[in-house]
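One-letter residues, chain by chain:
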Amino acid sequence: MNTRIKQTDLELIQGDITKAEVDAIVNAANSELIGGGGVDGAIRRAGGAVIENVCAEIRKREGGCPTGKAVITPGGDLYAKYVIHTVGPVWEGGNSDEAELLASCYQESLRLAVENSIQSIAFPSISTGIYGYPTEKAAVVALTSVKDFVMQNNTAPAIIQFILFDAATNNCYVDALWSVF
Ligand code: ADP
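Fair warning: this is a prediction, and the values are worked out from it, not measured in the lab.

**Q** Explain the packing of aromatic side chains to me, and be specific about the residues and the numbers.
**A** Per the counting criterion, the structure on display carries five aromatic pairs. Where Phe123 meets Phe162, the ring centres are 5.6 Å apart and the plane angle is 25°; that geometry is what we call stacked. Note that Phe123 is positioned in strand E6 (residues 120-123) and Phe162 in strand E7 (residues 159-164), a separation of 39 residues in sequence. Residue Phe162 is classed as buried on the basis of its relative accessible area of 0%. Joined through ring pairs, the aromatic side chains of Tyr106, Phe123, Phe162 and Tyr173 make up one cluster. Above the plane of the ring of Phe181 lies Lys147, whose end atom (NZ or CZ) is 5.1 Å from the centre.

Okay, here's the thing in structure tokens:
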């Protein structure tokens, strides 16, 4: 399902983000930038050693990546030239700034994308796996945050995709698209 925000195409796709033919894919990382399960493990397996090598440099230099922030590495063996690693919040019931931190993940990732002249970017559903954020709520935050970024900035990627791994997650994002747009 597609919609348009100013000059940007926003696309919801069910599939595997490691296969995305875009300039950059976004990883739902952890703050240590150490390989995990879920989408992080899949991206690292498909991208190869360069991702861990550059994450190790960032770890050494900056101590990792705080929740709500993002860092960039090469994509290695992926089609995508870059991986943007962002750290979503762990769901703790909703009163620990989870929504603000999740919105920040999308904003910071898009800011890094613009800084690196990335024209097309694909996001997974950040925080809704191991980190336990309810998907219906996360979908509204994700789409609102992306919409706000494109509305508020003069430059944005021409294509922003959400690549949702399973049908239930995809359905939540389709429903959220109706409510946000
Ligand atoms: P988090 O720790 O931020 O919750 P997870 O990796 O556990 O991150 O899950 C985030 C989302 O990514 C979940 O919806 C999960 O189903 C999805 N996911 C897992 N593997 C892939 C993949 N290869 N492509 C796209 N999404 C994926």
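There's plenty left to go through after this.
**Q** Residues and numbers for the pattern of salt bridges, please.
**A** Tallied over the full model, the rule gives eight salt bridges. For Arg59, the salt bridge goes to Glu52, with nearest N and O atoms at 2.7 Å. Overall, the relative accessible area of 23% leaves Arg59 in the partly exposed class. By relative accessible area, Glu52 is classed as partly exposed at 30%.

**Q** Please provide a residue-by-residue account of the site of the ligand, values included.
**A** Residues in contact with the ligand amount to 16 residues; listed here are only the nearest, Asp16, Val39, Ser127, Gly129 and Ile130. Note that a nitrogen atom of the ligand is positioned 2.8 Å from one of the side-chain N or O atoms of Asp16. Thr128 is positioned with one of its side-chain polar atoms (N or O) 3.3 Å from an oxygen atom of the ligand. The protein chains hide 90% of the 570 Å² of surface that the ligand would expose on its own. Its residues placed into classes, the shell around the ligand shows eight nonpolar, six polar and two charged.

**Q** Explain the sheet that holds E7 to me, and be specific about the residues and the numbers.
**A** Taken together, seven strands build an open sheet; the order of strands is E1-E2-E7-E6-E3-E5-E4 and the sheet is mixed. Where the open sheet ends on each side, the last strands, each with one partner, are strand E1 (2-5) and strand E4 (70-74). This sheet shows a mean twist of 25° between the axes of neighbouring strands, independent of strand direction. Helix H2 (residues 49-62) contacts E4 and strand E5 (82-87) of the sheet and is inclined by roughly 140° relative to E4.

**Q** How would you explain the nonpolar core if you had to name every residue and give the values?
**A** Counting 36 residues, the largest nonpolar core has Ile84, Tyr106, Ile121, Phe123, Leu143, Phe162 and Tyr173 as the members making the most contacts within it. Elements supplying a minimum of two residues to this core: strand E2 (8-14), strand E3 (24-29), E5, helix H3 (98-115), E6, helix H4 (135-152), E7 and helix H5 (167-180). With eight residues, H4 is the single largest residue contributor to this core.

**Q** Let's hear about H4: which residues, and what values?
**A** A rise of 1.5 Å per residue sets the reference length of H4, with its 18 residues, at 26 Å; its end C-alpha atoms lie 25 Å apart and thus fit the reference within 8%. Turning to H4, its buried residues are Thr135, Ala138, Ala139, Val141, Ala142, Leu143, Ser145, Val146, Phe149 and Val150. Looking at the buried residues of H4, the elements they touch are E1, E2, H3, E7 and H5.

**Q** Quick one: what's the story with the environment of Ala167, residue by residue and with numbers?
**A** By the secondary structure assignment, Ala167 is in helix H5. Of the residues examined, Ala167 reaches a relative accessible area of 40% and is grouped as partly exposed. For the pair Ala167 and Asn53, spaced 114 residues apart in sequence, the C-alpha to C-alpha distance is 34 Å.

Reading the values: rules and limits
- Residues numbered from 1 in each chain as written.
- Predicted model: local features only at pLDDT ≥ 70, side-chain atom pairs only at ≥ 80, totals over all residues.
- Heavy atoms only, no water.
- Phe/Tyr/Trp six-rings, centres within 6.5 Å; stacked < 30°, edge-to-face > 60°.
- Helix = DSSP H or I, 4+ residues; strand = E, 2+ residues; numbered from the N terminus.
- Buried < 20%, exposed > 50% of the residue type's maximum accessible area, 1.4 Å probe, protein only.
- Lys NZ or Arg CZ within 6 Å of the ring centre and 35° of its normal.
- Salt bridge = Lys/Arg side-chain N within 4 Å of Asp/Glu carboxyl O.
- Near = heavy atom within 4 Å.
- Polar contact = N/O pair within 3.5 Å; in protein donor to acceptor, adjacent residues only side chain to side chain.
- Areas by Shrake-Rupley, 256 points an atom, 1.4 Å probe, with all protein chains shown as cover.
- Nonpolar A, V, L, I, M, F, W, Y, C, P; charged D, E, K, R; others polar.
- Pairing = 2+ DSSP bridges.
- Axes fitted to C-alpha atoms, helices over the stretch in contact; angles between N-to-C directions.
- Contact = heavy atoms within 4.5 Å.
- Core = buried A, V, L, I, M, F, W, Y, C linked by side-chain atoms within 4.5 Å.
- Expected span 1.5 Å × (residues − 1).

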